[in-house]
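Observations on the three-dimensional arrangement
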Amino acid sequence: MSSVVKDAHHDEHPSGIMRWITTTNHKDIGTLYLWFAMIMFFIGGLMALVIRSELFQPGLQFVDPQFFNSMTTMHALVMIFGVVMPAFTGLANWMIPIMIGGPDMALPRMNNWSFWIMPFAFSMLLSTLWMDGGAPAGGWTLYPPLSLQTGDAFPFLIFAIHFMGLSSIMGAINIVATILNMRAPGMTLMKMPLFVWTWLITAFLLIAVMPVLAGGVTMLLTDKFFGTSFFNAAGGGDPVMFQHIFWFFGHPEVYILILPSFGVVSAIIPTFARKPLFGYSSMVYATASIAFLSFIVWAHHMFTVGMPLAGEVFFMFATMLIAVPTGVKVFNWVTTMWKGAMTFETPMLFAIGFIVMFTIGGFSGLMLAITPADFQYHDTYFVVAHFHYVLVPGSIFAIMAACYFWLPKWTGNMYPETLGKIHFWLSTFFVNLTFFPMHFVGLAGMPRRIPDYSLQFADYNMIASIGAFGFGFAQLIFLYIIIKTIKGGSKATDQVWEGAEGLEWTLSSPPPYHSFNTPPVIK
Amino acid sequence: MCGNNIQGASIKMFLIKNLISLITLLFSYNVANAGWLDLNMPEGVTDLSQEVFGLHMLILWICVVIGVIVFGAMFWSILMHRKSKGVKPATFHESTKLEFLWTIVPFVILIGMAVPATKTLIKMYDHSDSEIHIKITGYQWLWEYEYLNTDVSFYSKLSTPYNEIYNKETKNVNYLQEVDKQLVLPINKKIRFLLTSNDVLHAWWVPDLALKKDAIPGFINEMSVVINEPGIYRGRCAELCGRHHGFMPIVIKAVEEKEYEEWLANANKAKTADVAKINK
């Protein structure tokens, strides 16, 4: 296009919708990712409420079992690929360049592309709800042969997954390139904020495992349409091999969903404790150890497939080992709080809520690692309780903590503090009301992914359903707070929080459209 | 200041709420025995299921103790080390000794858990000296049972009427956990199950026997059990298998050996008669 260089007008960009479509600015793209995640959060939440409505009482009331299965499947896909992953990528886009003192992401045009793939991928995925045979209903794990019974939706599902993978891989490459190349002079690796560290490690996990998922689902596609028999025993294949491939992706994937949370919490706790993070380097090493271990524990998702004894024992031991670095992290956070001078603004509340409830999810995870006991827990509501504890008051709470923490920086306005606290307490109450009873029904024998259940499970399912609706409606407060804060509010200082440390707090609130065009000086 | 006090109160509430949850969980053990509410894993009716239950309670208690210590320290800190109390923040931020300690101690605890778990697992994998062999095949959406080395085989499917499922009739006490033909098994004999599927994945799960394994088309899985007490034991398909996944229960009738032999002889006779009828 034009070769005219307008040095004085760096902030110039198209207005209106074209600003967002053509943007290569890391802050704009971060905002896009975060809004995308927010929209998907409500779509996935509606699906969860369909599930909880049907499970409010025994008997079939509202939906057909097939549609119910579609809801569980789509809820998982939307929440994992459409909410938690994009939200963390959005946070990474906004914060990583600022935190390392770089001017932008290393590959800004690819950044634009990574984001704009997502709306198309999810339009395609959600469009399957109206297709012949219904939306995918074989579980987000896509286990064959059941997933091969999907109707017209099948190729769209696979294509959507390919797109999401493409977007994630490009996003991850961008983050690695940014962190390794764009740091301000003096910002050595071991001086980086932990959020940057956890994202660097997460990005490597993404690059390692998303292609594995792509390979697995492509084999499903060829099994369905091109007569191959990768997973068909009648043709010499093996249905269990898909599970190995899937979980080789899937287990690192669950750490992709949680590691950036560790970074967020490691930024928030020291700020509000007014005390430096305890054991910075051990936090880095613990994150790296968790990432490494994530590659050698995948078959703990499949203890009941009939692996040989040696396999079961290996995966049990390896899985239990993860408790060690995870414990180190929790101990470090608690020690950071110890003898600090704490205040409890909304981000701190969410961070503390994260530590407590993530740890509860960690405990049930440890229980699940014990293979003989897992034979009883596997595929029950105990598992549902476990992974929702690490994902909702885990990842989602960390994302919300991050939003409250950095929203004043992003918008230049303070959010309404009391409303934020109300949001936290309602969310915490209802999230426990929803998911804690699931431990009980799971132990008592209720399998997951069923639209109807026998009578002994009725009471706790009703409680869980009430909790789910409460949690869902509480999130409207979150939406309201964010819109209100963007529109106005009391002006935030540059420092925002009394105990805040790091490069992002040296910029104005809101930061200029292009920040750190000349690298800052790192002490 | 006032705001912080209110907050202190809500944090105490939060602490109390978590404690209540924990206490509920602990009491559930006794409650389940009383048959009042099913809140915990069933102890079951085999030696191994009781071992599994023991492991479950062991690790639960270990988690509770660790939780009490960690959350206790955390809430103590939340209550005592707050700015509103006028404390000055400390500045310490490193201790190799501490890091080493809280790496080693959990590791040792883990070994303490792994040893009994592995012992139980090894026992669960021992299928030798089985006297009765039964082949189980999963279908969308029912089970087939074949008593190997006999002529007895039958399908077993949900017998709950549709009217109950669609809320047109009152649900009976065994709603969704009743079948037309129960799997009859003898007590005090080692029974080996061979498990496979005809279509998609299923999983055969009976909590009272602590048995759960996937039924995989084209593959045969193996598990074994010795039931200690006669009774009716109910289970379910545990692996998503399509539209009626929630509607393929398992019901086992465990009987004295003599009764089992009689049942088997009758079933054999009936089967032979059936076959003769068909061949006629």
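Remember, predicted model here, so these are calculated numbers, not experimental data.

About the cut-offs
Residues numbered from 1 in each chain as written. Chains lettered and ligands numbered in written order. Predicted model: local features only at pLDDT ≥ 70, side-chain atom pairs only at ≥ 80, totals over all residues. Helix = DSSP H or I, 4+ residues; strand = E, 2+ residues; numbered from the N terminus. Buried ≥ 20, exposed ≤ 12 C-beta atoms within 10 Å, placed from the backbone. Contact = placed C-beta atoms within 7 Å. Nonpolar A, V, L, I, M, F, W, Y, C, P; charged D, E, K, R; others polar. Pairing = 2+ DSSP bridges. Axes fitted to C-alpha atoms, helices over the stretch in contact; angles between N-to-C directions. Bend = angle between axes of the 7 residues up to and from the residue. pLDDT = per-residue confidence, 0-100. Parallel < 35°, antiparallel > 145°, perpendicular 65-115°, else oblique. Core = buried A, V, L, I, M, F, W, Y, C linked by C-beta atoms within 7 Å. Left-handed = near helix turned anticlockwise from the far one by under 90°. Expected span 1.5 Å × (residues − 1).

**Description of the overall build of chain B**
Tallying secondary structure elements over chain B gives five helices and 10 strands in all. By the burial criterion, 35% of the 280 residues in chain B qualify as buried.

**Focus on the overall build of chain A**
Along the backbone of chain A there are 16 helices and zero strands. Viewed in the frame of its principal axes, chain A has a C-alpha envelope of about 65 × 55 × 45 Å. Going through the 523 residues of chain A one by one, you find that 61% of them count as buried. Looking at chain A alone, contacts between residues at least 24 apart form 82% of all its contacts between residues at least 6 apart.

**Some details on the interface of chain B and chain A**
As a measure of interface size, the accessible area lost when the parts come together is often cited. Taken together, the contacts link 78 residues of chain B with 77 residues of chain A. Element by element, the count of residues in the side of chain B that touches chain A is highest for helix α3 (residues 96–124) of chain B, at 14 residues. Its residues placed into classes, the side of chain B that touches chain A shows 42 nonpolar, 22 polar and 14 charged.

**Comments concerning the sheet that holds strand β10 (residues 250–255) of chain B**
Sheet strands pair by backbone hydrogen bonding; their relative direction is either parallel or antiparallel. All names here are of chain B. Read from one edge of the open sheet, five strands run β4-β10-β9-β6-β7, paired in mixed fashion. Where the open sheet ends on each side, the last strands, each with one partner, are β4 (183–186) and β7 (211–215). Sheet twist, expressed as the mean angle between neighbouring strand axes with direction ignored, is 25°. Strands in contact with helix α5 (residues 257–279) are β4 and β10; relative to β4, the strand with the most contacts, it is inclined by about 135°.

**A few points about helix α14 (residues 381–411) of chain A**
All names here are of chain A. Of all the bends in α14, the largest measures some 40° and sits at Phe-405, one to four residues before the proline Pro-408. Burial runs high along α14: 29 of the 31 residues are buried. Directly after α14, the chain includes Gly-412, whose backbone phi takes a positive value near 85°.

**Concerning the pairing of strand β2 (residues 142–147) of chain B**
Residues and elements named next belong to chain B. Alignment of strand β1 (residues 132–139) against β2, held across six bridges, turns out to be antiparallel. Each bridged residue has a counterpart across the sheet, and for Ile-134 the counterpart in β2 is Tyr-147. Count of turn residues in the β1/β2 antiparallel hairpin: two residues. Where β2 meets strand β3 (residues 153–156), four bridges bridge the pair, whose relative direction is antiparallel.

**Some points on the confidence of the model for chain A**
When pLDDT is averaged along chain A, the result is 94; 98% of the residues meet or exceed 70. When the criterion is pLDDT under 50, residues 1–9 of chain A qualifies, and its contacts beyond four places in sequence or with other chains add up to one contact.

**Observations concerning the environment of Gly-499 of chain A**
Residue and element names in this part refer to chain A. Mapped onto the elements, Gly-499 comes out in the segment after α16 (458–487). The spacing of Gly-499 and Pro-14 is 485 residues in sequence and 37 Å in space, taken between C-alpha atoms. Apart from the residues lying within four places of it in its own chain, the contact partners of Gly-499 are Thr-271, Phe-272 and Arg-274.

**Re the sheet that holds β2 of chain B**
Residues and elements named next belong to chain B. Reading across the sheet, the five strands line up as β3-β2-β1-β5-β8 and stay open at both edges, with mixed pairing between neighbours. With one partner strand each, in any of the chains shown, β3 and β8 (221–226) form the two edges of the open sheet. In this sheet, neighbouring strand axes are inclined to one another by 25° on average, regardless of whether the strands run parallel or antiparallel.

**A short note on the packing of helix α12 (residues 346–369) of chain A against helix α15 (residues 417–443) of chain A**
Residues and elements named next belong to chain A. Following both chains from N to C, one finds α12 and α15 inclined at 10°, their axes separated by 9 Å at the closest point. The angle between α12 and α15 falls in the class roughly parallel. Where α12 approaches α15, its residues Thr-346, Leu-349, Phe-350, Gly-353 and Ser-364 are matched on the opposing element by Glu-417, Gly-420, Lys-421, Phe-424, Thr-428 and His-439. Its residues assigned to classes, the contact of α12 with α15 shows three nonpolar, six polar and two charged.

**With respect to the nonpolar core**
All names here are of chain A. Ranked by size, the top nonpolar core spans 243 residues in total, and within it Val-196, Val-265, Ile-268, Ala-351, Phe-354, Met-367 and Ala-401 carry the most contacts. At 22 residues, α14 tops the list of elements feeding residues into this core. Not counting chain neighbours up to four residues away, the residues in contact with Ala-401 comprise Val-264, Val-265, Ile-268, Pro-347, Phe-350, Ala-351 and Phe-354.

**Some details on the environment of Phe-42 of chain A**
Residues and elements named next belong to chain A. In this structure, Phe-42 sits in helix α2 (residues 26–54). When the 15 C-beta atoms within 10 Å are taken as the criterion, Phe-42 is described as partly exposed. Considering only alpha carbons, one finds Phe-42 and Gln-475, 433 residues apart in sequence, at a separation of 8.6 Å.

**Details of the packing of helix α3 (residues 65–99) of chain A against helix α6 (residues 194–225) of chain A**
Residue and element names in this part refer to chain A. Remark: α3 packs on α6, axes separated minimally by 10 Å, with the N-to-C direction vectors making an angle of 120°. In this view, α3 runs oblique relative to α6, as classed from their interaxial angle. Considering the relative orientation of α3 and α6, their crossing is left-handed. Across the interface between the two elements, Ala-92, Met-95, Ile-96 and Met-99 of α3 pack against Phe-195, Val-196 and Trp-199 of α6.

**Thoughts on the confidence of the model for chain B**
All names here are of chain B. A residue-level look at chain B finds 86% of positions with pLDDT of 70 or above and a mean pLDDT of 88. Between residues 27–36, whose pLDDT stays under 50, and residues either more than four places distant or in other chains, the model counts 11 contacts. Scored as a whole, the predicted complex attains pTM 0.92, and scored at its interfaces, ipTM 0.90.

**A word on unusual backbone geometry**
Residues apart from glycine generally show negative phi values, whereas peptide bonds are mostly found in trans. Of note, the bond from Ser-509 of chain A into Pro-510 of chain A is cis; its omega dihedral lies within 30 degrees of zero at -5°. Mapping Pro-510 of chain A onto the fold places it in the segment after α16. Trp-141 of chain B follows Gln-140 of chain B through a cis peptide bond whose omega is 0°. Positionally, Trp-141 of chain B belongs in the loop between β1 and β2. Of note, Leu-142 of chain A is a non-glycine position whose phi angle comes to about 60°, a positive value. As for its position among the elements, Leu-142 of chain A is in the loop between α4 (108–127) and α5 (153–181). We note that Phe-516 of chain A has phi near 50°; this positive angle belongs to a residue other than glycine.

**Focus on α4 of chain A**
Residue and element names in this part refer to chain A. Taking 1.5 Å as the rise per residue, α4 with 20 residues should run 28 Å; its terminal C-alpha atoms sit 30 Å apart, in good agreement. If you check which residues of α4 are buried, you get Asn-111, Asn-112, Ser-114, Phe-115, Met-118, Ala-121, Phe-122 and Leu-125. Summarising the contacts, the buried residues of α4 are in contact with α2, α3 and α5.

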